[in-house]
Amino acid sequence: MAASFRCPGGQYDTNDHGGTSMIKQELLDILACPKCKHPVRLTGDGNGLICDHCRLLYPIRDDIPIMLIDEARQLDDWEPGME
Ligand SMILES: [Zn+2]
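Let us look at the structure shown here. (Residues numbered from 1 in each chain as written. Predicted model: local features only at pLDDT ≥ 70, side-chain atom pairs only at ≥ 80, totals over all residues.)

Secondary structure assignment for the protein chain yields one helix and five strands. Taken from the N to the C terminus, the helices and strands of the protein chain come in the order α-β-β-β-β-β. Pairs at least 24 apart in sequence give 36% of the contacts found in the protein chain among residues at least 6 apart. (Helix = DSSP H or I, 4+ residues; strand = E, 2+ residues; numbered from the N terminus. Contact = placed C-beta atoms within 7 Å.)

Put into structure tokens, the structure is as follows:
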């Protein structure tokens, strides 16, 4: 299996300004963190989904959310006041 894991450069934008997302709200509503079953939310740049509970970032590739714990990244640079 040639699954290439692309690591987007730079920092993740966690601001919620919306508008640029390719993921529809209806899809977001049914998506949940596979680890804790909490709802996830889009990152500010729309390139990932964040579980605030686990502080995991799930990638979005080709507009498809990858809701796999193995693919998620731990958010260690959490900004205060975002919750
Ligand atoms: Zn979670």
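Here we take up the pairing of strand S2 (residues 48-51). Residues Gly48 and Ile50 line one face of S2 and the alternating positions Leu49 and Cys51 line the opposite face, and both faces are buried. Relative to S2, strand S1 (residues 41-42) is paired through two bridges, and the arrangement is antiparallel. When the bridges of S2 are listed, Arg41 appears paired with Ile50. Joining the antiparallel neighbours S1 and S2 is a turn of five residues, in which Gly46 adopts a positive phi near 75 degrees. Pairing analysis gives four bridges linking S2 to strand S3 (residues 56-61), with the strands arranged antiparallel. (Buried ≥ 20, exposed ≤ 12 C-beta atoms within 10 Å, placed from the backbone. Pairing = 2+ DSSP bridges.)

So, about unusual backbone geometry. Of note in the backbone geometry, Asp62 takes a positive phi value of approximately 55 degrees without being a glycine. Relative to the assigned elements, Asp62 resides in the loop between S3 and strand S4 (64-65).

Our next topic: the environment of Ile30. Position of Ile30 relative to the elements: it lies in helix H1 (residues 25-30). Separated by ten residues in sequence, Ile30 and Val40 place their C-alpha atoms 9.2 Å apart.

The quantities given are spatial measurements derived from coordinates; they are silent on function.
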